[in-house]
Amino acid sequence: MGESAIVTPAPSGRWPRTVVARETARRGVRSAVLWGVIFGVYVTESATGYEGAYKTSGQRHALAQTLGSDVGISAIIGPASHLDTVAGFVAWRTLGVLTVVGAVWGLLAATRLLRGEEDAGRWELLLAGRTTRRGGAAQALTGLAGCALVLWAITAVIAVAVGRSSSVHIDGRSALFLAVADVSGAAVFLAVGALTSQLAPTRRQAASYAGGVLGVAYALRMVADSGAGLAWLRWASPLGWVEELHPLTAPRPVALVPIVGLIAILTVLTVQLAGGRDLGASTIPDRSRPPTRTMLLSGPTGLTVRLVRPVVIGWVVAIALAGLMLGLIAKAAGRALTGSTAMRKLVSDFGAHGAGATTYLGVAFLMVALLLALIAAGQVGAARGEEAEGKLDHLLVRPVSRTSWLAGRLSVATGALVIAGAVAGVTGWLGAASQDSGIGLTNMVAAGLNLVPPAVLILGVGTLAFGIRPRAASGACYAVLAWSFLVELIGGIVNASHWLLDTSVFHQMAAAPAVAPDWTTNAVLVALGVAAAAIGGIVFRFRDLAGA
Amino acid sequence: MAEPAIHTSGLSKRYADVDALSDLDLDVHQGEVVGYLGPNGSGKTTTLRLLLGLIRPTSGSAEIFGLDCQRRPVEAHRRLAYVAGEANLWPSLTGSETLHLLGRVQGQVDAAYRGELIARFDLDPSKKVRTYSKGNRQKLILIAALMARPDLLLLDEPTSGLDPLMEQAFRHSVHEAKERGQTVFLSSHILSEVEALCDRVGILRNGRLVDMGTLSDMRHLSALTVEATFDGSVPDLSRVPGVSSVEVEGRVVRCQVQGTVEPLLKVLASSGVHELLSREPSLEELFLAHYGRSTDPGTGSLEVPALGG
Ligand SMILES: Nc1ncnc2c1ncn2[C@@H]1O[C@H](COP(=O)(O)OP(=O)(O)O)[C@@H](O)[C@H]1O
Ligand SMILES: [Mg+2]
């Protein structure tokens, strides 16, 4: 038969043999740049925040005393040494947070760029006789390395620039090494994700295998750092090796040896496994004949529940863990916060006041709000994906109206947000209660639900974009989200104008549980979201369905 | 008189710089099997997506059983089923889960017939869609459409990716549908398929319907192919009225005759013809006549492989 209906011309360019490497790098570089900037901002914010909050050496000593000796903090973020210097604080805080964030980014990026692209059938086009499976995998890994390099370079440039500022005093070489340490978690898990992409039959499973590895690595590191005399366990976890780098305080480049070694081994395994399987197949067999489950499959909304369930469960578990950890460290972190008058002021700039654990949670729940907003953005992307891939056609050529399909999707997304918010509140309370922090369950659940309205607003804005410019829907959500998050971070550092701050979807959100949630404002946020979604829905009803 | 299954008037769709469909006036009566032929890019899919209300016309209107395709899509869709040439389904569902879902959404399923179709198309519905080949996914959406026994079947190149055996199963199913009085609108670039199945054929070229009629109508209107073998010398036939495309191969002459054959017969009779063959044009030849073989630069989009079936 004449047509195979593939019109996308395989990119060739000047070096057709490196096409997979270039495509992988091209598809990954945008997120590497974005996260490089976020990493850089986080380094900046850690340095300037510390400078602003702990001005005198007395305050710094007090901080080192409280946080430095807290076992919970050490287990969750990592051992805090040298907190009486800006370098020590920056190294501890950025390494503790960015290693894990980078690892999650790395495993998602690698599985998306390898398994995801292969599942979508793009590899078939790219490879098309130009190179072997093995060569293709090697090229894709090269592309991933390019992404890691971009992440490092941007982090490094910002770190060096911050280090030069007169009050911070971090020399260039140390700043470069800090950037290496901050992105090494990402680098390791890019390689882990590349390997699980060979093992698992789908992108989602590849990501969850890699997530499992991260969970084990984190747990090992946690036990090692919990002061139970098991410090040697740190050498059993890649996250422990990253800690052993001790950037800025006592640099130990030798700890790079196991990190680089592991990456090398994973790379070789990836290439080997890729050569030993068929394109689109997996090393671990797919359970291709699961039992038939039709309970949810009686209409479009049931189908949506079935389709988004695994993703939402993954998010809710992540949020539950985040809530639990924030709750666990709330008391100790709160004590450190209130030990500094300047810090108290900084915190009150965020809208939180009071003392101790509630104050800390009020600020820290901004992170959880970001996670909820990410769920919302993901749901908009998923709805658009159904349209772009032509799956929606199968529903809309049957007696299903566009409005009812979209309304169903939005209800499911909203339900997921409410569940996620409530779960964050409950697990935050569990963690805090286990430390006798004296925060009530009702307050914490209210604080969790308080995170939902900004996410609903993102959902609404995304739906509006979905109606008007469907191909830009997902991008619009992430743009609003990234912008809002940056405004929140920077707004805390510089004295940003109210006009600027008001452009953040998070800015109107009360810093619960430090202060009571403002349900009137929340109702306004939700109403705005609903209005935007309604307009988007009406436009969607009357437009052409648009392919990818 | 029942309302037509499909009625369009002046239906047009313009994308930024292409007229994907221009001024389509089409009537498909209930119980008819109508073929819709055109090479890639001629506007077949655009027509079907307009009929389904998936895209909006630039101008004109379309109705399915008298229901406006844009304003009352849900009611119109209760009476039809559609099969696209590209079956992108949910990879995490199994075949039977997909059929269950699509049946429930459609609102009507002939369960016994579904079983028959699964056997006929030799599909293993217990597997996940992810593990299906393109052909298997195509079978799945064919079964999903046929099992609803809708009044109207809209089929857009439905057999792409099917092997010849399954192509037979498909033809059998269309015959069955016709016997039950269902209407079928079949877009295709496979001429033999349309020739075997359809009562009427429309030919689409660059978004315009250039011909529409029964196959016999079309054949009468177009040229007859004549092949004559001579005993002795070959006469010059090119000046005979109505004759064109004369090809000489030794003592054999092939030519086309438009209109009456009388002048040609006179010439042949006086020139010692030894053997005479004549036949009606195949659909392929009709089709090529509309596209001027590949000599017309305006039809660059016509690729001969697309006609090979
Ligand atoms: N979404 C679109 N945007 C722009 N042009 C389109 C779009 N869809 C179809 N076309 C153009 O319209 C013409 C008809 O396409 P189509 O109906 O898909 O043809 P067929 O189904 O006969 O192969 C082609 O030139 C095609 O490129
Ligand atoms: Mg088409």
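As a further point, take the domain arrangement of chain A. Residues and elements named next belong to chain A. In terms of domain boundaries, chain A breaks down into domain 1 (15-285) and domain 2 (297-543). One C-alpha centre belongs to domain 1, the other to domain 2, and the line joining them spans 25 Å. At the interface, 18 residues of domain 1 touch 18 residues of domain 2. Inspection of the domain 1/domain 2 interface yields 0 salt bridges.

Turning next to the pattern of salt bridges. Applying the stated rule across the entire model yields 36 salt bridges over all chains. Its salt-bridge partner being Lys13 of chain B, residue Asp544 of chain A comes within 2.6 Å of it at the nearest N-O pair. Here the residue Asp544 of chain A occupies a position in the segment after α20 (519-542), and Lys13 of chain B occupies one in strand β1 (residues 6-15), the pair thus bridging two chains. Asp544 of chain A sits in the partly exposed class, given a relative accessible area of 22%.

This brings us to the site of ligand 1. All names here are of chain B. Taken together, Tyr15, Ala20, Pro39, Asn40, Gly41, Ser42, Gly43, Lys44, Thr45 and Thr46 make up all the residues around ligand 1. A distance of 3.2 Å separates an oxygen atom of ligand 1 from a polar atom in the backbone of Ser42. Here an oxygen atom of ligand 1 sits 2.6 Å away from a polar atom, N or O, in the side chain of Thr45. About the coverage of ligand 1: the protein hides 61% of its 560 Å² of free accessible area. When residues in the shell around ligand 1 are grouped by element, the largest group, 3 residues, is from helix α1 (residues 44-51). Of the residues assigned to the shell around ligand 1, the class counts are 3 nonpolar, 6 polar and 1 charged.

One frequently used descriptor of interface size is the decrease in accessible area upon assembly of the parts. Each partner contributes to the interface: chain B provides 47 residues, whereas chain A provides 41 residues. The contact between chain B and chain A buries some 3700 Å² in all, and 57% of this surface belongs to carbon and sulfur atoms. Looking at the side of chain B facing chain A, the largest losses of area belong to Leu54, Trp90 and Val105 of chain B, adding up to 18% of the total buried there. Taken together, the links from chain B to chain A amount to 3 salt bridges. A salt bridge links Arg306 of chain A to Glu97 of chain B; its shortest N-O distance comes to 2.9 Å.

Turning our eyes to something else, we now look at the side chain of His77 of chain B. Within the fold, His77 of chain B resides in helix α2 (residues 73-77). Of note is the side chain of His77 of chain B, whose polar atom sits 2.9 Å from the backbone oxygen of Leu52 of chain B. Contact partners of His77 of chain B, with chain neighbours within four places excluded, come to Leu396, Val397, Arg398 and Pro399 of chain A together with Leu52 and Gln106 of chain B.

Take α20 of chain A next. All names here are of chain A. With 24 residues, α20 should reach 34 Å at 1.5 Å per residue; the first-to-last C-alpha distance of 35 Å fits that figure. Residues of α20 that are buried: Thr521, Asn522, Leu525, Gly529, Ala532, Ala533, Gly536, Gly537 and Phe540. For α20, the elements touching its buried residues are α14 (391-396), α15 (402-434) and α17 (452-468). The N-capping residue of α20, defined by a side-chain oxygen 3.2 Å from the backbone nitrogen of Thr520, is Asp518.

The grouping of Arg30, Arg112, Arg203 and Arg204 of chain A at the surface amounts to a positive patch. On the basis of relative accessibility, which here comes to 35%, the residue Arg203 of chain A falls in the partly exposed class.

Residues and elements named next belong to chain B. The element strand β9 (residues 200-205) is largely enclosed, with a buried count of 5 among its 6 residues. Pairing of strand β3 (residues 33-37) with β9 involves 4 bridges; the strand directions are parallel. Residue pairing across strands places Gly35 opposite Val201, the latter belonging to β9. Sheet analysis places β9 next to strand β10 (residues 208-214), joined by 6 bridges and oriented antiparallel. Opposite Arg200, over in β10, you have Thr214 as the bridge partner. Where β9 folds back onto β10 in an antiparallel hairpin, the turn is made up of 2 residues, including Asn206, whose phi is positive at roughly 45 degrees.

Residue and element names in this part refer to chain B. Secondary-structure assignment places Lys128 in the loop between α4 (111-120) and α5 (134-146). In this structure Lys128 comes out as buried when scored by relative accessible area, which is 13%. For the pair Lys128 and Thr98, spaced 30 residues apart in the sequence, the C-alpha separation amounts to 9.4 Å.

Residue and element names in this part refer to chain B. The antiparallel open sheet is built from 4 strands, whose spatial order is β12-β13-β11-β14. Each of the sheet's edge strands pairs with one partner strand only, and the pair in question is β12 (243-249) and β14 (273-279). Going from strand to strand, the sheet's axes swing by 15 degrees on average, the running direction of each strand aside. Across 5 bridges, β12 lies against strand β13 (residues 252-257) in antiparallel orientation. In the strand pairing of β13, Glu247 is matched with Arg254.

Parameters and conventions
Residues numbered from 1 in each chain as written. Chains lettered and ligands numbered in written order. Predicted model: local features only at pLDDT ≥ 70, side-chain atom pairs only at ≥ 80, totals over all residues. Heavy atoms only, no water. Domains from an automatic or database assignment. Contact = heavy atoms within 4.5 Å. Salt bridge = Lys/Arg side-chain N within 4 Å of Asp/Glu carboxyl O. Helix = DSSP H or I, 4+ residues; strand = E, 2+ residues; numbered from the N terminus. Buried < 20%, exposed > 50% of the residue type's maximum accessible area, 1.4 Å probe, protein only. Near = heavy atom within 4 Å. Polar contact = N/O pair within 3.5 Å; in protein donor to acceptor, adjacent residues only side chain to side chain. Areas by Shrake-Rupley, 256 points an atom, 1.4 Å probe, with all protein chains shown as cover. Nonpolar A, V, L, I, M, F, W, Y, C, P; charged D, E, K, R; others polar. Buried area = accessible area lost by both parts, 1.4 Å probe. Expected span 1.5 Å × (residues − 1). Patch = residues over 30% accessible without salt bridge, like charges linked within 9 Å, V, L, I, M, F, W, Y side chains within 5 Å. Lys, Arg positive; Asp, Glu negative; His and termini not counted. Charge placed at Lys NZ, Arg CZ, Asp CG, Glu CD. Pairing = 2+ DSSP bridges. Axes fitted to C-alpha atoms, helices over the stretch in contact; angles between N-to-C directions.

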